[in-house]
Amino acid sequence: NAGVTQTPKFRVLKTGQSMTLLCAQDMNHEYMYWYRQDPGMGLRLIHYSVGEGTTAKGEVPDGYNVSRLKKQNFLLGLESAAPSQTSVYFCASSYSAERSGRLSTDTQYFGPGTRLTVL
Amino acid sequence: LAKTTQPISMDSYEGQEVNITCSHNNIATNDYITWYQQFPSQGPRFIIQGYKTKVTNEVASLFIPADRKSSTLSLPRVSLSDTAVYYCLVGRSGAGSYQLTFGKGTKLSVIP
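In this report, the structure presented in the accompanying data block is examined. (Residues numbered from 1 in each chain as written. Chains lettered and ligands numbered in written order. Predicted model: local features only at pLDDT ≥ 70, side-chain atom pairs only at ≥ 80, totals over all residues. Heavy atoms only, no water.)

Describing the packing of aromatic side chains
Aromatic rings in a pair are described by how distant their centres are and how their planes are angled relative to each other.
And then number 1: Taken as a whole and judged by the stated rule, the model has six aromatic pairs over all chains.
And then number 2: Their ring planes at 85 degrees and their centres at 6.0 Å tell us that F110 of chain A and Y36 of chain B sit as a pair that is edge-to-face. Note that F110 of chain A is positioned in strand 12 (residues 109–110) and Y36 of chain B in strand 3 (residues 32–38), a pairing that runs across two chains.
And then number 3: We classify F110 of chain A as buried; its relative accessible area is 13%.
And then number 4: For Y36 of chain B, a relative accessible area of 1% translates into the label buried.
And then number 5: Taking the centre distance of 6.0 Å and the plane angle of 80 degrees together, the rings of Y36 of chain B and F46 of chain B count as edge-to-face. With a gap of 10 residues between them, Y36 of chain B in strand 3 and F46 of chain B in strand 4 (residues 45–50) connect regions that are remote in the sequence.
And then number 6: Here the aromatic residues Y33, Y35 and F110 of chain A together with Y36 and F46 of chain B are joined through ring pairs into a cluster of three or more. (Phe/Tyr/Trp six-rings, centres within 6.5 Å; stacked < 30°, edge-to-face > 60°. Helix = DSSP H or I, 4+ residues; strand = E, 2+ residues; numbered from the N terminus. Buried < 20%, exposed > 50% of the residue type's maximum accessible area, 1.4 Å probe, protein only.)

Structure (structure tokens):
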């Protein structure tokens, strides 16, 4: 199993350009997530999906769009890139587990990250 | 969302036991406590998860007191390869919802 893969690994954009980051998982996970991580910071959730065809906003969704047309893929789009979107982007996936009658916190499996620079 | 507080950084010598404590005063009844480890230029990796008392796996132990307002990640006999950032997460996800936050984490530096 490849786990979670991200394409591309690095990208440099000019302000105003658009691009799409691809996340793929081969673990048949229902849930998928996109995070960004800035220097010295923790991860902040951008958008997430709880199943094929569904998406939801996270903590910092502005300037990004997502799509989950297939269960194994989760796409993150930047329509008009800005320097403030320079960051490392991580994708993750998980399945939902229930223990002892309570919903547990799903174990998330992360990809290797995409380093994006917007000039 | 439950807010977590953990030390920004810690230093330890090789071979010592390291305990990282996380405070989460407003933890909810259904919240779980999860710890992740992140090496430079990599995505975070799950270490351990618990709800109450003590949980142990091949990598670490997690101690959770009865009031659940804090938790302690214990790494036995650390090595240089344990140098990483450790994140404490409190919350729950599943059934279509997501209520988790990664804080800034604790940067652990293991010294030879």
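Focus: the side chain of R68 of chain B
All names here are of chain B.
And then number 1: Structurally, R68 is set in the loop between strand 6 (61–64) and strand 7 (70–75).
And then number 2: Buried R68, no salt bridge; nearest opposite-charge side chain is D31, N-O distance 5.9 Å.
And then number 3: Filtering out sequence-adjacent residues up to four positions away, R68 remains in contact with H24, I27, A28, T29, D31, Y51 and K52. (Lys, Arg positive; Asp, Glu negative; His and termini not counted. Salt bridge = Lys/Arg side-chain N within 4 Å of Asp/Glu carboxyl O. Contact = heavy atoms within 4.5 Å.)

Focus on the state of the cysteines
And then number 1: Applying the stated criterion across every chain, the model contains two disulfides over all chains.
And then number 2: A sulfur-sulfur distance of 1.8 Å marks the disulfide that ties C23 of chain A to C91 of chain A. As the torsion about the S-S bond is roughly -75 degrees, the C23 of chain A-C91 of chain A disulfide counts as left-handed. With C23 of chain A in strand 3 (residues 19–25) and C91 of chain A in strand 9 (residues 87–94), the pair connects residues that are 68 residues apart, well separated along the chain.
And then number 3: Looking at C23 of chain A, the relative accessible area reads 0%, which means it is buried.
And then number 4: Classification of C91 of chain A as buried rests on a relative accessible area of 0%.
And then number 5: Each sulfur in the disulfide pair C22 of chain B and C88 of chain B lies 2.2 Å from the other. Where C22 of chain B bonds to C88 of chain B through sulfur, the torsion about that S-S bond is close to -80 degrees, and the disulfide is left-handed. Note that C22 of chain B is positioned in strand 2 (residues 18–23) and C88 of chain B in strand 8 (residues 84–94), a separation of 66 residues in sequence. (Disulfide = S-S within 2.5 Å.)

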